[in-house]
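Chains, contacts and geometry: an overview
The primary structure of each chain is shown beneath.
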Amino acid sequence: MSELFDDDPRDTPPPERPGRRSRALVITGVVLVFAFFGLSTFAGLYTDRLWYKAGGYGEVFSTLFWTKTGLFLVFGALMAIVVGANIYLAYRLRPIFRPHSPEQTGLDRYRDAVTPIRTWLLVGISLVLGAFAGTSSVGEWRDYLLWRNGVPFHAKDAYFHKDIGFYVFDLPWLHYLVDFTLAVAVVALLAAAIVHYLYGGIRLQTSHDRLSGAAQAQLSVLLGVFVLAKAADYWLDRYDLVNQSGGLITGMTYTDDHAVLPAKNILMGIAVICAVLFFLNVWRRTWLLPSVGLALLALSAVLLGLIWPGIVQQFQVKPSEADKEAPYISKNIQATRAAYDVSDVEETNYTSNSSVSTGQLAQLDGQTSSTPLVDPQLVRETFQQNQQPRTYYSVAPVLDVDRYDIGGVDRALVLGVRELDQSRINAGDQNWSNLHTVYTHGNGVVAAYANQRPENNKAEATSIQWAEGLPTADEPQAQHALGDFENRIYFGEQSPDYSIVGKAPGGADVELDLANTDSGAENAKDDTTTYDGTGGVPIGGFFNQLMYAVKFGEPNFLLSERVNQNSQILYNRNPRDRVEKFAPWLTIDSDPYPAVVDGRVEWILDGYTTTDRYPGAEKDSFKDMTDDSLQDNAGIRTLPTDEINYMRNAVKATVDAYDGTVTLYAWDETDPILQAWRSAFPGTVKDKSEIPPDLLQHLRYPEDLFKVQRFQYARYHVTDAGDFYQGNNRWSVPEDPNTNGHLQPPYRLFVDQPVDGGGERSTFSLTSVFTPYNKSNLAAFVSVDSDATDPSTYGRMRALVLPDSRTDGPGLIANKFSSNSDVRAALLPFQSGDAPPIFGNLLTLPVADGLIYVEPVYAVRAGSTSGYPSLQFVLASYGGEVGIGPTLHQALADVLGVDGTVTPPDGGNGNGNGNGNGNGNGNSSLSAQIRTKLAAAEGAFEAADRALRAGDPVEYARQVQIGRDLVADAASLAAQQKK
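Presented here is a report on the structure given in the accompanying data block. Predicted model, so just to flag it, every value in this text is computed and none were measured. In this convention, every chain numbers its residues from 1, walking through the sequence in written order. Side-chain atom pairs in this predicted model are given and counted only at pLDDT of 80 or more, local residue features only at pLDDT of at least 70, and totals for whole chains, interfaces and linings cover all residues. No hydrogens and no water enter the side-chain calculation; it runs on all heavy atoms of the structure.

Points about unusual backbone geometry
Formally: Numbering goes from the N terminus for both helices and strands, where a helix is a DSSP run of H or I of at least four residues and a strand is a run of E of at least two. Remark: exposure states derive from per-residue accessible area (1.4 Å probe, protein chains only) relative to the maximum for the residue type, with buried under 20%, exposed over 50%, and partly exposed in between.
One non-glycine residue, Asp598, adopts positive backbone phi at about 50°. You can see Asp598 is positioned in the loop between strand E17 (593-597) and strand E18 (600-611). Here the phi dihedral of Asn774 falls at roughly 65°; this positive angle occurs in a residue that is not glycine. Tracing the backbone through its elements, the reader meets Asn774 in the loop between strand E25 (760-772) and strand E26 (780-785). Asn774 gets classed as exposed once you look at its relative accessible area, which sits at 67%.

Remarks on the sheet that holds strand E15 (residues 568-571)
Rules: By this definition, two strands are paired if DSSP reports at least two bridges between them. Throughout, a contact is declared for two residues whenever any of their heavy atoms are within 4.5 Å. Axis definition: a line fit to C-alpha positions, over the contact stretch in the case of helices; interaxial angles, taken between N-to-C directions, run 0 to 180 degrees.
Judged by pairing direction, the sheet is antiparallel, and its 3 strands sit side by side in the order E11-E15-E14 without closing on themselves. Every other strand in the sheet has two partners, leaving strand E11 (498-501) and strand E14 (537-538) as the edge strands with one partner each. With 4 bridges joining them, E11 and E15 adopt antiparallel strand pairing. Residue pairing for E15: Tyr498 is matched across the bridge by Tyr571. Running at roughly 30° to E15, helix H14 (residues 542-552) makes contact with E11, E14 and E15 of the sheet.

A few points about the pairing of strand E32 (residues 881-885)
Buried residues dominate E32, accounting for 4 of its 5 residues. Two elements, strand E31 (residues 870-878) and E32, share 5 bridges in a ladder whose sense is antiparallel. Residue Ser877 lies in a different strand from E32, and its bridge partner there is Val882. Connecting E31 to the next strand, E32, in antiparallel fashion are 2 residues, including Gly879 with a positive phi near 60°.

Notes on the packing of helix H8 (residues 254-284) against helix H10 (residues 321-339)
Quick reminder of the rule: Should an angle lie under 35 degrees it is considered roughly parallel, over 145 roughly antiparallel, and from 65 to 115 roughly perpendicular; all remaining angles are considered oblique. Residue polarity is assigned by list, with Asp, Glu, Lys and Arg as charged and Ala, Val, Leu, Ile, Met, Phe, Trp, Tyr, Cys and Pro as nonpolar; anything else, Gly included, falls into the polar class.
Where H8 meets H10, the closest approach of the two axes is 8 Å, and the angle between their N-to-C directions is 95°. Taken together, the axes of H8 and H10 are roughly perpendicular relative to one another. Counted together, Tyr254, Asp257 and His258 of H8 and Lys324, Glu325 and Tyr328 of H10 form the full contact between these two elements. Classifying every residue of the contact of H8 with H10 by side-chain character gives 2 nonpolar, 1 polar and 3 charged.

Overview of empty space enclosed by the protein
Keep this limit in mind: The distinction between a cavity and a pocket rests on a 1 Å grid over the protein atoms alone: a 1.4 Å probe fits inside a cavity but cannot get out, while a pocket stays open yet meets protein on both sides within 12 Å along at least five of seven lines, and a residue with an atom within 4 Å of a point counts as lining. Grid points are joined across faces, edges and corners, and a volume is the space filled by probe spheres set on the points.
Summed over all chains, the structure comprises 7 cavities of 30 Å³ or more. Its volume calculated, the largest cavity comes out at about 70 Å³. Gln744, Pro745, Tyr747, Leu749, Thr767, Ser768, Val769, Phe781, Leu842, Leu843 and Thr844 are the residues that line the largest cavity. Of all the secondary-structure elements, those providing two or more residues to the lining of the largest cavity are strand E24 (747-754), E25 and strand E29 (843-847). When residues of the lining of the largest cavity are assigned to their parent elements, the largest contribution, 3 residues, is made by E25. Of the residues belonging to the lining of the largest cavity, the class tally is 7 nonpolar, 4 polar and no charged. A volume near 60 Å³ is recorded for the second largest cavity. In this structure, the second largest cavity is lined by Gln367, Leu749, Phe750, Val751, Asp752, Leu845 and Pro846. For the lining of the second largest cavity, the secondary-structure elements that each account for two or more residues are E24 and E29. Sorting elements by how many residues they give to the lining of the second largest cavity places E24 first, with 4 residues. Across the lining of the second largest cavity, the residue classes break down as 5 nonpolar, 1 polar and 1 charged.

Take a look at the structure:
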């Protein structure tokens, strides 16, 4: 190779060039630019390493860094070596004598320009191309790690009978290797051809011997490698047929099986023969046979790859498409139902025989007592108006729903974390010191009972009933239903970009905090505190301060006295971003939700394993499948596109709101993709058995997974290939009647579900409805059990199918509500204001003999200065009738045409059930009165139990006596009924 670095005696020495000083300045400038980018890159890597290590996931950083570095070096070196070697060989094998010709004379000046720097060109071109190749390979780290750590699915595809793991773990990486080989062959071929042409090995203007023997041999080998790699590409393309998207289904179709697949096999054989001809051309020195082979390959690719499949589709398939495609549709249905885990949905025919009867109020009132009337999307201003002691505190635009055991009753709560919103700080106070060392965190959790009932759950209210938060005018004592917990919120969805915490030894606290709130929100005063958690990166040393000054472009890291030897920096504080960085192989649910767990506020997130390579399963856009009126942004971030055809809730993750600790728990431990990632990142995901019991109480079925499943189930509940092809009985998720262009979101409700052994149990569920495709009546009600504490039922999906088309869907019900004369009359006083009435979430609830629709209405009364909407009315529809009232109880009474006055069972003190007899006029049936008495008695006995736990024996005895009297009254009524 030394010949490459020697002067060629045939070349004319280049003339000396002036401007050495200018060149030195240019070189200096280039060096400074590279030094700046190098320092920035080093600072980014160094601070990332500190951050991962501080979070307890240093091994994740190491695995990612060395995997990406290894891929960059290996594939970059392969490209550089192969291209550089071919350039060197082309130069070394150049002709000794170049015949004089106009072509060669024209090339002399290019050779003169290249000769002095040919060594630099060789090294530079090789390094640049290697850098491009290495950079491209870095993005393949997921495919590489899955290939290295893949495990079998123990299930095979329906066509090639290979384990599904081959398609998910092996095939993507094999495709990359073949594509890389093709790219290297093409680049090396072009580089060698250019060098041969420049130095006379290729002479285009001669009539014969246009290529020297050396050039012909080298180019023949490179062409043979390229065509051989193309043969491998055809071989792999056969397996892609089970995943390709089509107009009818995703996966293999009749045309693919009978035209495209045979064509791939034939093209693969032709490509192998063509490669052999190119390799033989090294010795035969004739381009006739290789050229014929290459032309045959190109012609076959057009005829067999494009024209023949079109002929088969047009003349064989289309005339009898339903029959031809039936076997392939059946396989697609089976694969899709398995990939999205909807194979075991329990379908039950459900006939809505709801009819209005005056004796139904007590029964319906009991069945709907847990209905969530507080719309998480509409009460943000209400929360902030009542629970925002300072303007710079804020809650999320859409609040979260969770459940808590309060007073022995499972209650649904609407929750929001009171976070810091720095944009609301006075503009004059928004300096670096305040933004990054003073205003550092939020304070506390705000929660309201979702069903508008107070803590005793017995009397319905007309205003929000707070469960946790600051004292209000209506509730002068601070509410603490969630118990004592660390209320400082340093990690949340609205947390600042970064904060520097930790005071100097002997220094004063500087972080603004909220304290002394129990005496009333209006008297809450500011206090100061200092973060003493371990969730930050120590920056007490000069070097760490310098690195972060470079990272954030902020000199105050080095200049400010607020940065001291005890300082930590908190950043990457959004719970979703935090989990995605520690587990970059997960797709994170778009809605983290807070929960109070063991005295800490924890953000709970669902992590999914997804792929678009599950053979035969329908592939769709994740964004389209999860779109609804509450969706801000899709969770998909781990695939080149947002299309998937497999999804599992593999991981439950928590982020501590105070110290940012991220904990990952395996949830679906049987998922092969999760098993592969746990092998790639050992120790990052804890076993499911390690989930604390208190945390388990708040785990629930994830919304994004349910939305994907309902999207697919709307079509794939049909299992007959003929019906599927014809579109018979196809469903769709209805549009949200209050938000045009978006689907109706699923809602969390307590639903009465049948249990093994008989009977029913109220289960915390995620629910949705279906309508027939392009129609407005109701087709089905679907729910999934969300109680994670019961593994026997968690995730069980049930569908109540309405075989007839007489039941109105959400859109029709919304029209009935808005056109009802009583509703319009009740809302008329609110229409004249600047803020018209806002219709909340339209809920569908199955009851014993039908379906009830419930919708809250929020409004600001004309002339009101409250500034935020409050719940004014509840609309209800049952048995074809519409009712309205300030509470759900009264709305149901209006539907039934009875008096809905609530009469406490103890004569008015409100300590009993609070539902009354349901009519107030004595005209209800004896059965309804008996049920009402017994329900009131149950409430009295529950009140007695609470009094006993509170150490109040007098109240206990009184409530027991009330309960006994009510039972006696019920028994007397039962005796009358028998007569």
